[in-house]
Amino acid sequence: MVKIHERKFVSVDPEKCVGCQVCEYACSFSKEKAFNPLKSRIRVVRVNQIANMAVTCRLCEEPACVAACPRDALTQDEQTGAITLDKDKCNGCGWCIEACDYGAMMLHPETKVVYVCDLCKEKGEPQCIKWCPEEALTLVTSDTLAQKARIGAIKKLFQESKKESKQ
Amino acid sequence: MLGYAERILHVDLATGKTRVEKLGEGTAKKYIGGIGLGMNLWLANSKPGVNPLSPENPLVLAVGPVSATMFPTGGNGHAFISKSPATNGVGEAVSHGTFGAEIKRAGYDAIVLTGKSERPVYLWIDDDSVQLLDAEHLWGKSPSETEDAIKDELGDYYVRVASIGLAGENQSKIACILNEKTRAAGRTGLGAVMGSKNLKAIAVRGTNDIVVAKPDEFMDMVKEFHERMKGPAAQKYRTLGTPENIMIQNALYCMPTRNYTNAHFENAEKVSGEVLNERFIAKIIACNSCAMRCEHEAVIREGPYKGTMARMEYDNLWALGPNCGIDKLDAIIKASELCNYYGLDAQSTGVTVSFVMDCYEQGMLSQDQLDGIDARFGNADALLQLIEKIGKREGIGETLADGVKIAAEKIGKDAEKLAQHIKGLEVTGYDMRCLKTAALGFAVSFRGADHSRSGAYTVDFLGKVDRLKAEKGRGKLVKDQEDVYALIDSLIVCKNAKGTFNSELAEMAKLYSLVTGAEVTPEELKAAGERINTLAKLINIREGLSRKDDTLPWKVMNQPIPEDGPVKGAVVTQEELDLLLDDYYDARGWTLKGVPTKAKLQELGLEEFSGIVEGKEE
């Protein structure tokens, strides 16, 4: 089993995300040869005008979707941590959709089986990341996310203390 | 033909009956989509002289061949077309966001709404399923509240909604149609047309795939535009946005101030794009498919207007700010939010308020007549109070809710001289007295006073011509720009992204060909742009407009710019206007009366409409 700190997934920086849905188009075009947000593995939510964020699979440790599947159609790839589907086993019951806290599992409108981000393994890199015009999407591990947060917090702290010392 | 759904939906609001008509390839190629296709459909479904607020006036909603594709800015526009209650000529307004893409995915190029519902309804389009649902409970709500309520009751977050507010319900002739809370199909009063039909909102969800004819080349083109949008061509929109114009235009003395009393605002620094961005812009967001996000969201975090949120552009900032002599940014943002709340075109509303302030200062309206409002220029409280009155059609608001032309008629005296409008549509923030190419563009704009039918101000700004001079040659400049702008609004792509095209016609032709698979040359596309402008003119002629309506507001022609500075004394005389109009009509191949000749109609494939010009050419 891949170590949790090595598992890479697509992360969205809400500060940078502008809600343009380019990722949805890039995903559906890459996967389905059509522009259709409904068939995208990443979806954009605009809660209000200033709260925009794209959401996709986070490759959880002990993923709820896998646990929820009564037909053992879902497994987590040991190498990458990506969720894989056995299409023959899936009957579209939707338990995994209910189980996922992030809305990353979706039922395909035509094949009627579930689908989820697979990090574009056949292309070598996630196409949403490649196309995002704001560079809001990155392939990260939980460790790099924590590092980023840490550095951001410290920088802010020092900026503020600099300001205070000037006053 | 790809790029088109090849389907036009007709909805009779009186009976609830719907039918789908096939969009033929010939019509599609001829009128492209958006405003072009919309005007063609309007003409085909209306009778001459129709009352704009009667059930017989169709309201057309149209998207374009590029809609719902990944082309940046191309995916997201939609256009409303009808007869304008403000101008009694052709009315059209384009908006962006995600609503247009959804219409296309639902499988329609255009929707023709006719008749009038007995009771308030909203139209719910769920792919092939089209229903009129009760909107009694939504009546009186703001567009934003309406959108939330509809999403809730349909139980689907991804439903997209365009709706009217109280102003549209009250058939105010400056009412707009808003989608996604902050985006407006603002101009020409089409919110009133929607209100006259008892149609509160249009909600849509589309699930169909959109494919293009040549995907690989298309994606290369998308990539290329993404790169350009990260570069200097979109720099302005990605940083300060259009509010940057405040300081630029103020320096050029072409920012109408206090209802065209001045051309320069002494307190411009207080309302500049720079200050706005530093103090209030919380986030810049993007429309569907766009890689150059430009929508500047202002949030007020403290003070009397705490919690206010509005989208700020030069246009609403100018209209509600310097144009009213107001230098309080937070109040201007609040005023913008109020316009969205009531569903009012912020541009026309600002000019209506500045008109009232002018009348008040000139003694044509007293404080008593204004329900006790002290409508001095610069009084931010008066601005907010007047917008409330207009939004509700309450007190003095009844006089003002239909814009300055009608307000001036009601007030009488010399009020018309202070009414800054052309053809009944209020002006926008470009001082025509010292931008003479723009003046021509405004005068001939088929929808009335507006900069965005030709963008002719750009040649004046850039110093490509002497902006104070009226001379031959400007007609062709305006015509060429108008043709490109008509294409932008028909494809539909975004005017803010105009600078990302290296060669507009050539690249638009390439885009059209890659999407549809139908090869079109830049020349053919240019002809389509000319055809669309000519069609708009034909509508105006059919509805009774003529050369006398291609004119300028009284102040532009009679009250020279007073400030010491580079443009002191500038004004547009009748002789200058006539010279410019003659030159423009000549460039268009129209007669001196501004009527397209039959030969011209023949050339553009518009001969079916030659009855409209019969006997009017000379």
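Residues numbered from 1 in each chain as written. Chains lettered and ligands numbered in written order. Predicted model: local features only at pLDDT ≥ 70, side-chain atom pairs only at ≥ 80, totals over all residues.

What chain B contains, in helices and strands, is 25 helices and 17 strands. The C-alpha atoms of chain B give 22 Å as radius of gyration, which agrees with the globular expectation for 618 residues (25 Å, within 12%). Expressed as lengths along the three principal axes of its C-alpha atoms, the size of chain B is roughly 60 × 55 × 50 Å. Per-residue burial over chain B gives 63% buried out of 618 residues. Counting only contacts in chain B whose residues sit at least 6 apart along the sequence, the fraction spanning at least 24 positions is 70%. (Helix = DSSP H or I, 4+ residues; strand = E, 2+ residues; numbered from the N terminus. Rg over C-alpha atoms; globule rule 2.2 N^0.38 Å. Buried ≥ 20, exposed ≤ 12 C-beta atoms within 10 Å, placed from the backbone. Contact = placed C-beta atoms within 7 Å.)

Turning next to the sheet that holds strand E3 (residues 59-62) of chain B. Residues and elements named next belong to chain B. Pairing in this open sheet of 6 strands is mixed, and the strands run E2-E1-E6-E3-E4-E5 from one edge to the other. Edge positions in the sheet fall to strand E2 (18-22) and strand E5 (90-95), since each has one partner strand and no second. Averaged over all neighbouring strand pairs, the angle between strand axes comes to 20 degrees, with direction disregarded. Bridge analysis of E3 against strand E6 (residues 110-114) gives 4 bridges, and the strand direction is antiparallel. Following the sheet pairing, Val60 is matched in E6 by Val112. (Pairing = 2+ DSSP bridges. Axes fitted to C-alpha atoms, helices over the stretch in contact; angles between N-to-C directions.)

Moving on, we get to the domain arrangement of chain A. Residues and elements named next belong to chain A. Along its sequence, chain A is organised into domain 1 (1-56 + 118-141) and domain 2 (61-116). One C-alpha centre belongs to domain 1, the other to domain 2; they are set 18 Å apart. In this complex, domain 1 contributes 12 residues to the contact, which on the side of domain 2 involves 13 residues. Split into classes, the residues belonging to the side of domain 1 that touches domain 2 amount to 6 nonpolar, 1 polar and 5 charged. (Domains from an automatic or database assignment. Nonpolar A, V, L, I, M, F, W, Y, C, P; charged D, E, K, R; others polar.)

Before going further, it helps to spend a moment on helix H2 (residues 34-44) of chain B. The buried fraction of H2 of chain B amounts to 10 of the 11 residues, a majority that puts the element mostly inside the structure. Buried within H2 of chain B we find Gly34, Ile35, Gly36, Leu37, Gly38, Met39, Asn40, Leu41, Trp42 and Leu43 of chain B.

All names here are of chain B. Along the chain, Leu491 connects to Ile492 via a cis peptide bond; the corresponding omega equals -15 degrees. Within the fold, Ile492 resides in the loop between helix H19 (474-491) and helix H20 (504-516). Phi is positive for Ile32, close to 65 degrees, though the residue is something other than glycine. Non-glycine residue Asn198 carries a positive phi angle of around 60 degrees.

Residues and elements named next belong to chain B. Strands sit in the order E13-E14-E15 across an open sheet of 3 strands; the sheet is antiparallel. Looking at which strands have only one partner, the edges of the open sheet turn out to be strand E13 (281-285) and strand E15 (309-311). For this sheet, the mean inter-axis angle between neighbouring strands, taken without regard to orientation, is 25 degrees. With 4 bridges joining them, E13 and strand E14 (residues 295-299) adopt antiparallel strand pairing. Its bridge partner lying in E14, Ile285 is registered against Glu295.

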